[in-house]
Each structure stands twice: as C-alpha cells, then as structure tokens.
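# Understanding the architecture of this molecule
These are the residues of each chain, in order.
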Amino acid sequence: MLWSHESDVLVVGAGPAGLTAALMLAERGVTVEVIDEDPMTESRNHAVMLHPATLAMLDELSVTVTAELIRQGTKIPKIAFYDREVPRATVDVAALDGPHPYLLVLPHHGLESALTARLEELRVPIRRSHRLSRIEHDGDHVACTIEQLGDDSGGYSVAGTLLVVDKELHTKPKFVIGADGFHSVVRRRLDIGFEPSGEAQGYAPTEFRTRFDLGGEMRVILDHERGAVTFPLPDGGCRFTASLVPGEIPPADSHYIPVGTRSHPAQPPEVFLRNLRGLAPWFEEPKPDITWAARVRFEPGLATRFGMGRVWLVGDAAHVTGPIGVQSLNLGMSEARDLSGRIADVLGGGPASVLDRYHYERTDEWRALLGLRAGLVPKPEADPWVAQMAPRLLACIPATGGDLEKLASQLGLGLA
C-alpha cells in the first residue's frame, strides 16, 4: 500500500532528537513526517537534563516550547565534584553566557510532549506504532517500506500482547533522518558500522522521594573505579545514578532495562542504599521512597559515518557515551537542528556538499568527546584530585562545545 502522500523528509524516531529535527524542518516550510515503533510516550516518566545551549537552541525554534519546559523543570546553577565524601571542586553554570545559564531537569515525557504539541500546531504527522523495515536509495528519493503495527493477544496458558504487522506501507521521501537510537534500523540498513570507544558500561539510575537537600546542586561523585551523579527533581525528589561493577552490567541485547522486567530486574532497594551510602555517605536518607529505577547498558562508541547520500543520522543512532554529563541527548538535539537546516538548504537548491561536511564536523566533535583524540589536560592551578580524574571528567561535565571548555576551565582544566 502506498503512503497517503509523500513528504520531503521522513524522520525515523520520535524521541527528543527526532522531534527537534521535525520541528526545525517544519519551521523552514519543509514537509516532514515522523514515525516511531513505540505506541506511547507516557511510560518514559524518568527525568532528563537539558544543557544551557540546548535551551538556547530551542529558543530559536520556538520560545513557547522553551517556556513550557521551564515551567515543568527545576533549574540547577551549580555542579559540585566529590571524591566520595570529600568535595573537591565546584563549577558555576550561572557564569555561562546566554539566556539560560543553568541546567534544567524535567520529565522525559514532558520534553517530548512540549515538542509534540508544537509539531501538532504545525500539522506535522507523528505516526506511532510504525516501524521502518526497508530503506534504499532510489535516484533523488529514498524508497522506504514501513510496517504499521497492531496488537494481538498471544499465548495459550499465559495471556500476553504481541506486536503484529497490520499493513505494509511504501513511501519515497527525498531525505530520511535516522533518530532511532542505539539499535538504529536506519544505520543497520545502510551497513554503517559502529566502532566502540571503550568497554561496555552499566548504570543504575534511581529516582526517589527524599527530604535531603542537595542545595540546588548537581553532584558528581568519582572514586578510583566507580562514578555516580545525583541531582534534584522538579517534584522534590532526587535522581541518583551509580555505575555498575562488571558482573552487574545488563547483557548486550538489553540496552535499556526498566524496573521490574523479568529478563533483568532493577537493583533491589538494599543494593541501591548500599551504593548510595558507599559512594555518597553525606547523603542522609534512611529509607527512600523509590519511584523509578532501572539498569542500563551503555556501549560507548561512534558510527563510522553519520550518513550518506540522502539518509543521515542524529543522536544515539550515531553515538553513545555514559549518562553522567547527559551529552548524547543534548548534542543529539543540536545535531538534529544542524542536519535539518542543511537538508532544508539542499532542498532549497543549495549544494549537497554541506551534508558531507556534517559528517566530518560531527565525527571530529565526537572523537574529542569520547576521548579518541586529545581530551582534558590539567593546568598548574588544578586541584590534584581534579588533575588525576581529568580523563574521566570529560564525560561528566554537562556541556559540549564552547560551554564545555568554559566549565572545564573553572576546574583548572583545558582542552588539548
């Protein structure tokens, strides 16, 4: 069955990066549609953190979206770095230039809902329960096969719900943006490789209600082998994310493990408390009320290409890093804006070479962030602990680009 109509661009993935790409294109007058395999977003009730540069970028696309995010969120103006119980350094995010000199924490579904609401105003279709199954360059278009999914009861003795293919649809947009995450179908269909930048990492993010006051700080905790981060949430709760020891890391086929799954259940409360007391002994919480928990696998690395021809990647489809600095999500949204602007220029008659430059520029940026070249180096005034931890701090500072350099400078670190 043919698609009801052809759009200039098909965005695969309705997460923050995909929705940002669609918003940028729609604001430029480009016809765009979004598909996502997931039937809903309400289950994404955990928190996300937006960098100052991300908020400034969203301002340029839609001030109403930014205003809604700020309404939902909690502002964090400072970052403290701890050697377990000992504070070693503080970074003042408020010292950054720009309209939003703070980190903003808000619910993940709130971010996606705000972006979706603006896209609905612009009449951009977002088709959930739609899965890309085939993609192929076809002259000045991209031939795509999309499966429309439905539910079916499964099992004889055990009731369950299975996803089945209701319809197979065909469309030929002029460009495709793959924003479909680490297990990207778009990347795999293009046979683009993914090169690891280190060993697999595991983290146990846990959100809970507490009376402990973090003083409005994000706190990054590092010891000789493990790391953690904690920050306040908008509802008065708190997020604590601790790295896992190798034997606790989820298996390779479980990139994201929510609480309570049979395949790999979240850490028991007593293990969470042991981590909290071991890594952050100053956090006084006798009995937390856990509201969300997970065990997550990260495989740091970088796609060998950010795309080719008329198909390009953004966000976790192209790169993965650890969660402490929230760099992958924020830079993924920036990439989405950048790539969509270039595609709009090409559709308007500009040279296609700007897309190849997107690949080279983003690859260079991520090779630096992943520590594949250069990195952070201590200056003479750096605290000895900061100097020792410099290679690990690169992924822990919640910033990229010029903001990363400015915040690192407050720690007595420079970019090599």
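Calculation criteria
- Residues numbered from 1 in each chain as written.
- Predicted model: local features only at pLDDT ≥ 70, side-chain atom pairs only at ≥ 80, totals over all residues.
- Heavy atoms only, no water.
- Pairing = 2+ DSSP bridges.
- Helix = DSSP H or I, 4+ residues; strand = E, 2+ residues; numbered from the N terminus.
- pLDDT = per-residue confidence, 0-100.
- Contact = heavy atoms within 4.5 Å.
- Axes fitted to C-alpha atoms, helices over the stretch in contact; angles between N-to-C directions.
- Parallel < 35°, antiparallel > 145°, perpendicular 65-115°, else oblique.
- Left-handed = near helix turned anticlockwise from the far one by under 90°.
- Nonpolar A, V, L, I, M, F, W, Y, C, P; charged D, E, K, R; others polar.
- Phe/Tyr/Trp six-rings, centres within 6.5 Å; stacked < 30°, edge-to-face > 60°.
- Buried < 20%, exposed > 50% of the residue type's maximum accessible area, 1.4 Å probe, protein only.
- Polar contact = N/O pair within 3.5 Å; in protein donor to acceptor, adjacent residues only side chain to side chain.
- 1 Å grid on protein atoms, 1.4 Å probe; cavity = no way out; pocket = protein on both sides within 12 Å on 5 of 7 lines; lining within 4 Å.
- Points joined across faces, edges and corners; volume = space filled by probe spheres on them.
- Salt bridge = Lys/Arg side-chain N within 4 Å of Asp/Glu carboxyl O.

## Regarding the sheet that holds strand β20 (residues 301-303)
With respect to topology, three strands assemble into an open sheet ordered β13-β20-β23, the strand pairing being antiparallel. Strands with a single pairing partner mark the edges of an open sheet, and in this sheet they are β13 (194-196) and β23 (319-320). Alignment of β20 against β23, held across two bridges, turns out to be antiparallel. Bridge pairing in β23 links L302 to H319.

## Some points on the confidence of the model for the protein
Residues shown with low pLDDT carry predicted positions that ought not to be read at fine detail. Of the residues in the protein, 92% have a pLDDT of 70 or more, and the chain-wide mean is 91. In this model residues 155-160 is a low-confidence stretch, pLDDT under 50, and it forms four contacts with partners more than four residues away in sequence or in other chains.

## Comments concerning the sheet that holds strand β7 (residues 103-107)
The strand order β3-β7-β4 describes an open sheet built from three strands, whose pairing is antiparallel. Where the open sheet ends on each side, the last strands, each with one partner, are β3 (47-50) and β4 (74-76). Within this sheet the neighbouring strands show an average axis-to-axis angle of 25°, counted without direction. Summarising the sheet, β3 and β7 pair through four bridges and their orientation is antiparallel. Bridging across to β7, M49 finds its partner in V105. Along the sheet, helix α2 (residues 52-61) makes contact with β3 and β7, crossing β3 at roughly 80°.

## Some points on the packing of helix α1 (residues 16-27) against helix α7 (residues 327-347)
Two numbers describe how α1 lies on α7: the axes approach to 8 Å, and their chain directions differ by 30°. By the criterion of interaxial angle, the relationship of α1 to α7 is roughly parallel. Classified by chirality, the crossing of α7 by α1 is right-handed. For the pair α1 and α7, the contacting residues are P16, A17, T20, A21, M24 and L25 in the first and L329, G332, M333, A336, R337, S340, G341, I343 and A344 in the second. Classifying every residue of the contact of α1 with α7 by side-chain character gives 10 nonpolar, four polar and one charged.

## Observations regarding the packing of aromatic side chains
Across all of its chains, the model carries 11 aromatic pairs by this definition. For the ring pair F208 and F283, a centre distance of 5.8 Å and an interplane angle of 55° mean the geometry is tilted. You can see F208 sitting in strand β14 (residues 201-209) and its partner F283 sitting in the loop between α6 (269-279) and β19 (289-298), a full 75 residues away along the chain. Across the pair, exposure class does not vary: F208 and F283 are buried alike.

## A word on the side chain of T206
Residue placement: T206 occurs in strand β14. If we ignore the near neighbours within four places in the chain, the residues touching T206 are C238, R239, F240, F272, I290, W292 and A293.

## Considering the side chain of H319
Looking at where H319 falls in the secondary structure, it is placed in strand β23. One polar contact links H319 to E335, side chain to side chain, over a distance of 2.9 Å. Those residues within four positions of H319 in sequence are excluded, and the remaining contacts are F194, G301, L302, F306, S328, G332, E335 and W366.

## As for the pairing of β7
With four of its five residues buried, β7 lies for the most part within the structure. Sheet topology places β4 next to β7; three bridges connect them, and they run antiparallel. Residue pairing in the sheet places I76 in a bridge with L103 of β7.

## So, the environment of V245
With respect to the helices and strands, the residue V245 is situated in the loop between β17 (237-243) and β18 (256-258). Expressed as a C-alpha distance, the spacing of V245 and D289, which sit 44 residues apart in the sequence, is 24 Å.

## Considerations on the pairing of strand β12 (residues 175-178)
Side chains of β12 alternate between two faces, with F175 and I177 and V176 and G178 buried alike. Bridging between strand β1 (residues 9-12) and β12 involves four bridges; their strand directions are parallel. In the strand pairing of β12, V9 is matched with F175. Strand direction decides the pairing type here: β12 and strand β22 (residues 311-313), joined by three bridges, are parallel. Each residue of the ladder has a partner; that of G178, found in β22, is L313.

## Regarding the layout of surface pockets
Here the idea is plain: a probe the size of a water molecule rolls over the atoms and shows the empty space left. Its volume calculated, the second largest pocket comes out at about 730 Å³. Contributing to the lining of the second largest pocket are 28 residues, with Q201, Y203, P300, R392 and A395 lying nearest its centre. For the lining of the second largest pocket, the elements supplying multiple residues, two or more each, are β14 and α9 (384-393). The dominant element in the lining of the second largest pocket, judged by the number of residues it contributes, is β14, at three residues.

## Topic: the pattern of salt bridges
Any two side chains of opposite charge can pair, given that their charged atoms come close. Following the criterion strictly, the structure yields 26 salt bridges and no others. One salt bridge connects E361 with R342, and the closest N-O pair in it is separated by 2.6 Å. Residue E361 is found in helix α8 (residues 353-369), and its partner R342 is found in helix α7; the two are separated by 19 residues along the sequence. We classify R342 as buried; its relative accessible area is 12%. Because the salt bridges share partners, they merge into one network encompassing D338, R342, E361, R362 and E365.

## Here we look at unusual backbone geometry
A positive phi angle, close to 55°, is found at R84, a residue other than glycine. Its location among the elements puts R84 in the loop between β5 (78-83) and β6 (86-92).

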